[in-house]
Amino acid sequence: TFFQKEISVSAVNLENLLVRWLNELLALCYNEQLLPSDYIALVTHDLSNYRIDGMLTYSKADPACIEKKIKAATYHSLVGTEAVDGFYAKGIFNL
């Protein structure tokens, strides 16, 4: 069975937005035992703020199936760029 949940996060720049969004997803995964299967998002920005609004599709996870937890998304080697066709990002997780 799949469920959906709206998620919105904002930050002062693209790198902070990416880390906050990934950490929000991690918190939902571990605190609410969600197993994401799809995420549709819209990233917008104005002069002082970036924002991501999206819909997460997920199922309920069995905590016993999680072998190793990701502690957090980090800024180490984080790269976020804006292109004509969208936003691109690359980062590293702490295990």
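As the structure is a prediction and not an experimental result, all values here were calculated from the model.

Cut-offs applied
- Residues numbered from 1 in each chain as written.
- Predicted model: local features only at pLDDT ≥ 70, side-chain atom pairs only at ≥ 80, totals over all residues.
- Heavy atoms only, no water.
- Pairing = 2+ DSSP bridges.
- Helix = DSSP H or I, 4+ residues; strand = E, 2+ residues; numbered from the N terminus.
- Core = buried A, V, L, I, M, F, W, Y, C linked by side-chain atoms within 4.5 Å.
- Buried < 20%, exposed > 50% of the residue type's maximum accessible area, 1.4 Å probe, protein only.
- Contact = heavy atoms within 4.5 Å.
- Axes fitted to C-alpha atoms, helices over the stretch in contact; angles between N-to-C directions.
- Salt bridge = Lys/Arg side-chain N within 4 Å of Asp/Glu carboxyl O.

1. Some details on the pairing of strand β2 (residues 34-45)
Consideration 1: The pairing of β2 with strand β3 (residues 50-60) spans 11 bridges and is classified as antiparallel. Across the sheet, T44 pairs through a bridge with R51, a residue of β3.
Consideration 2: Between β2 and β3, which pair antiparallel and follow one another directly, the connecting turn spans 4 residues.

2. Observations regarding the nonpolar core
Consideration 1: Within the largest apolar cluster, 18 residues are counted, with the highest numbers of intra-cluster contacts made by I7, L17, W21, L25, Y39, I52 and L56.
Consideration 2: Within the residue set of this core, elements represented by two or more residues are β1 (3-11), α1 (14-31), β2 and β3.
Consideration 3: Element by element, the count of residues in this core is highest for α1, at 7 residues.
Consideration 4: Those residues in contact with Y39 that sit more than four places away from it in its chain are I7, W21, L25, I52, D53, G54, M55 and L56.

3. Brief notes about the sheet that holds β3
Either a parallel or an antiparallel arrangement is found when strands of a sheet pair, and the pairing is made through backbone hydrogen bonds.
Consideration 1: The strand order across the open sheet formed by 3 strands is β1-β3-β2, and the pairing between neighbours is antiparallel. The open sheet has two free edges, formed respectively by β1 and β2, since each of these has just one partner strand. Put simply, the sheet's adjacent strands are angled 20° from each other on average, direction ignored.
Consideration 2: Of the strands in this sheet, β1, β2 and β3 are in contact with α1, which crosses β1 at around 145°.

4. Concerning the pattern of salt bridges
Consideration 1: Under the definition given, this model contains 2 salt bridges.
Consideration 2: Residue E32 pairs with K5 through a salt bridge whose shortest N-O separation is 3.6 Å. Highlighted residues: E32 in the loop between α1 and β2 and K5 in strand β1, separated in sequence by 27 residues.
Consideration 3: Take K5: its relative accessible area is 27%, and that puts it in the partly exposed class.
Consideration 4: We note a salt bridge from D53 to R51, for which the minimum N-O separation is 3.1 Å.
Consideration 5: D53 sits in the partly exposed class, given a relative accessible area of 27%.

5. So, the environment of L35
Consideration 1: Mapped onto the elements of the fold, L35 is located in strand β2.
Consideration 2: The partly exposed category is assigned to L35, whose relative accessible area is 47%.
Consideration 3: Each C-alpha atom of the pair L35 and L25 lies 9.6 Å from the other, and the pair is 10 residues apart in sequence.
Consideration 4: The residues contacting L35, other than those within four sequence positions of it, are T57, Y58, S59 and A61.

So, to be careful, I would describe these as geometric facts and stop short of saying anything about function.
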